[in-house]
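# Remarks on the overall topology
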Amino acid sequence: MISIIHILFAVLLAPLALGVINRTKAIFAGRRGQPLLQLYWDLFKLLRKGAVYSRTTTWVFSAGPLVSLAAVLTSLLVVPFGGVRALLAFPGDLLLLAYLLGLMRFFTVIAALDTGSSFEGMGASREVTFSALAEPALLLGLAAMGRRAGSLSLSGMYSGMMPSDLVHHGGPVLILVAAAFLVVFLAENARIPIDDPDTHLELTMIHEVMALDHGGPDFAFIQYAAALKMWVLGALLIGILVPMHTGLPPLDVVAALIGMFLLAAATGVIESTMARLRILRVPQLLVAASVLSMLALVLVLD
Amino acid sequence: MPNDFSLRIRNAEALPIARIPVLSCDDFRQTIIESVNSGGRISAYFGMRFAEDHVRIIAVVAFEDKGDLSVFSMVVDRGYPAITPDCAQAHWFERELAEQWGIEPVGHPWLKPVRFQAPYRGNAIASVCGVTNFFRINGDEIHEVAVGPVHASVIEPGHFRFQCFGEEVHHLEISLGYQHRGIERALVGGPNKRTIHYMETLAGDTTIGHAFAYCQALEALSRCNVPPRGLVLRGIALELERLANHIGDLGALAGDVGFLPTASYCGRIRGDVLNFTALLCGNRFGRGIVRPGGAAVDLDGDMVDVLLKGLSAAIPDTSSAVNLLWDTPSVTARFEDTGVVPFEVCEDLGLVGVAARACGVDRDVRKDLPFGIYRFVHIPTATWDTGDVFGRAHVRDVEIQRSFAFVREQLETLPKGEVHVDPAPLMPEHLAVSLVEGWRGEICHVALTDDRGRFASYKVVDPSFHNWFGLAYALRGQQISDFPLCNKSFNLSYCGHDL
């Protein structure tokens, strides 16, 4: 029952997390900033609009946003939130998660390529390059977590963790994995220092440029799917950093929610205090994240 | 010897047109090439109608080390051997000349229009802007990226054609002309009531700079002496324009690398400085300050106090916002070694302004060919030797500090007296060259009057005209994703170039 509630929270609150990031950035910049609920208004506005399709595009182009949203919604089913088990849990569901995110990316990329625009082609090539480097960091990190907990299911590996685990036995492993997941979180969600979600400069974009030709409901789906993806990857990170198992599931969910919004605020702080990396340097950061995950895995293999 | 052939004049000095030497084609080519080789730089190079069906080409070469300009000319009919192969600085000028007057510089390596405008003689019509053959690189893995003329944000139109190998740019070609309004043509027969407004809207962000250069040319042609208070007010206006734009540019550079705090703070401080200008004249971009004969506005004691108070808040705000950039390693990592223009290339291309000073070239009209108040008050020139985005940002930072100090000092010691005198009618058959260091760099206006004291020809060279090719060069071997950053570090004008 509580598992369904956490999915509801994700579906309802994911856009709010982006609002928290934007508000944090605004405060750092000395601005009042957009309303916390701005993304909701944007989504409603876009859903009421019609979409414009270029004559050069095919069904692939319009399928992209739909498949992406479907894939990320499905992935919510297998992701535990805080100490609460996911709705679906079976050995190997971590691979399902990785491939659902992969499917989402695949369709975003081929929808972008379908436009034939050189900008979108550049964005697609960057997205594929960088996610190919981010994937090992995620999978190796999950493997380390699974080995540590002796479970191949996400819910299994995240269950029974206590805050004291971070400092006592196995602490280094968790901290290494958390660091790797933070990089993956920033990279996959197109945040600074990897990408700049606020830029208007097509030539520098990675993720945003692939959505340039989408409009109306399609664009709403893309934005909403991006918010959900941030929630999913955030949940993996929160599960390590805010592991609450009080025995009272509602309390655990509240703790995880607070953790999620703290993560959003932390993302805002990161974005406000550093510049984007040169695109040539991004692979180095992602490879470093993979190395951290690998190190965690080595530590748990005794 | 080249000097024997040419007429030497000073900045903002008028001389009879009859004294401009008319050289043979060989002498002309030799003079311009030797002048540039001996430390000169082409400031203006343009044609004007000469008798029936002939064009007189006038070259203005600035000698920064000697502090004067040399002017010489030749008369051509249809074509002449191009200067560009021996002197790269002439590259853009000869393309312009070919387009405007239908004169072919034979042997020019890349002869195509710069603005796609209709020629001044003959009845040929304008070609369609941007429709031309671009430089191409062949190869299976080479891809071409076309950006513009319509851009994703509210900026001016221009077309950029990149030849890329993966993320690396091998060649960038910039095609402009979308903002061409025919200003130079409209100025012929002036000055009249409209002229000053053409000047103030020629490039909106350089309102004061171009109005300054125009008024200075007019005052030279009418032998008018601007009263000291007028000179100081103009200097203050010019430096306020420089401050607003430099501060805005540093903020925009921060924004382009995704560094928000400086982007936001500088955006606000730029607004404050624009408001100082508005306090002077009621317009944030400085329209209506500079007029032939002096300044059209005066400052009273209260306004001086308000300005000084505003400055004492803006100066520390700016330095803390800008120093955030230098204190953040991720920002300097992006700026350093991005978009490098080596010193030699800068000299070959004849870059001006911030872009040149960032390459280590000590070039500033305020120092080299002083004009107006800068003949009495010197502002030290800021240079840096890396030629990259960091260099251009750093030079701006230093210039901001010096301009702030200048404005404050001038406000505190404002001379008494009139700000304006009425200029006399223009002398007939005279030429005046007026150079002003605008915030982007050297602004060159050349005015020639006819037998009734009207403009027979009026040439405007915006600093962007010199520097656009520098931007194209800076991109060679760079990542295409760094283009917006390089572009912003030059921050060139489209309408100032297109006229």
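What you are looking at is a predicted structure, and each value in this text was computed from that prediction instead of being measured.

### Observations concerning the packing of helix α7 (residues 228-256) of chain B against helix α8 (residues 260-281) of chain B
All names here are of chain B. Where α7 contacts α8, the axes come no closer than 8 Å and their chain directions differ by 165°. In this view, α7 runs roughly antiparallel relative to α8, as classed from their interaxial angle. Note on packing geometry: the crossing formed by α7 with α8 is left-handed. Of the residues in α8, those in contact with A237, L240, L243, A244, I247, G248, L250, G251, A254 and G255 of α7 are T262, A263, C266, G267, I269, R270, V273, L274, F276, T277 and L280. Residues that form the contact of α7 with α8 fall into these classes: 14 nonpolar, 6 polar and 1 charged.

### Quick notes on the domain arrangement of chain B
Residues and elements named next belong to chain B. By domain assignment, chain B separates into domain 1 (2-106) and domain 2 (183-461). Domain 1 and domain 2 are separated by 27 Å when their C-alpha centres are compared. Across the contact, 24 residues belong to domain 1 and 26 residues belong to domain 2. Contributions of two or more residues to the side of domain 1 that touches domain 2 are made by β2 (13-16), β4 (40-50), β5 (54-63) and β6 (68-76). The dominant element in the side of domain 1 that touches domain 2, judged by the number of residues it contributes, is β4, at 6 residues.

### Notes on the sheet that holds strand β15 (residues 442-449) of chain B
Sheets are built from strands paired through backbone hydrogen bonds, the pairs being either parallel or antiparallel. Residue and element names in this part refer to chain B. If you walk across this open sheet you meet the 4 strands as β2-β14-β15-β16, and the pairing is antiparallel. The open sheet has two edge strands with one neighbour each: β2 and β16 (455-461). Along the sheet, successive strands turn relative to each other by an average axial angle of 15°, direction set aside. Helix α6 (residues 207-221) contacts β2, β14 (430-437) and β15 of the sheet and is inclined by roughly 150° relative to β14.

### Let's talk about the nonpolar core
Counting residues in hydrophobic clusters, the biggest one holds 253 residues, and the most contacted among them are V177 and V184 of chain A. At 18 residues, helix α8 (residues 216-241) of chain A tops the list of elements feeding residues into this core. For this core, the two domains that each supply at least three residues are domain 1 (2-106) and domain 2 (183-461) of chain B.

### Side note on the sheet that holds strand β10 (residues 159-165) of chain B
All names here are of chain B. An order of β9-β10-β11 is seen for the 3 strands of this open sheet, with the pairing classed as antiparallel. Either end of the sheet is taken by a strand with one partner, and the two such strands are β9 (142-147) and β11 (168-175). Between one strand axis and the next, the sheet turns by 20° as a mean value, whatever way the strands run. Pairing analysis gives 7 bridges linking β10 to β11, with the strands arranged antiparallel. Within β11, the residue paired with F160 across the bridge is I174.

### Observations regarding α7 of chain B
With 29 residues, α7 of chain B extends 42 Å between its outermost C-alpha atoms, agreeing within 8% with the 42 Å of an ideal straight helix rising 1.5 Å per residue. After α7 of chain B finishes, the residue G258 of chain B shows a positive phi value of roughly 75°.

### A word on the pairing of β5 of chain B
Residues and elements named next belong to chain B. Counting buried residues along β5, 8 of its 10 residues qualify, which places the element largely inside the surrounding structure. As judged from the 10 bridges shared by β4 and β5, these two strands associate in the antiparallel manner. For R41, the partnering residue across the bridge sits in β5 and is A62. Hairpin connection between β4 and β5: a loop of 3 residues separates the two successive antiparallel strands, and A51 in this loop has a positive phi of roughly 55°. Pairing of β5 with β6, which is carried by 9 bridges, proceeds in the antiparallel orientation. Of the residues in β6, the one forming a bridge with F63 is D68. Here β5 hands over to β6 after 4 residues, with G67 in that stretch at a positive phi of 75°.

### Observations concerning the packing of helix α1 (residues 2-28) of chain A against helix α9 (residues 249-273) of chain A
Residues and elements named next belong to chain A. At a closest axis distance of 8 Å, the pairing of α1 and α9 adopts a crossing angle of 25°. With respect to α9, the element α1 is oriented roughly parallel. For α1 against α9, the interelement crossing comes out right-handed. Looking at the contact of α1 with α9 residue by residue, the class counts come to 16 nonpolar, 5 polar and 2 charged.

Cut-off values and rules
- Residues numbered from 1 in each chain as written.
- Chains lettered and ligands numbered in written order.
- Predicted model: local features only at pLDDT ≥ 70, side-chain atom pairs only at ≥ 80, totals over all residues.
- Axes fitted to C-alpha atoms, helices over the stretch in contact; angles between N-to-C directions.
- Helix = DSSP H or I, 4+ residues; strand = E, 2+ residues; numbered from the N terminus.
- Parallel < 35°, antiparallel > 145°, perpendicular 65-115°, else oblique.
- Left-handed = near helix turned anticlockwise from the far one by under 90°.
- Contact = placed C-beta atoms within 7 Å.
- Nonpolar A, V, L, I, M, F, W, Y, C, P; charged D, E, K, R; others polar.
- Domains from an automatic or database assignment.
- Pairing = 2+ DSSP bridges.
- Core = buried A, V, L, I, M, F, W, Y, C linked by C-beta atoms within 7 Å.
- Buried ≥ 20, exposed ≤ 12 C-beta atoms within 10 Å, placed from the backbone.
- Expected span 1.5 Å × (residues − 1).

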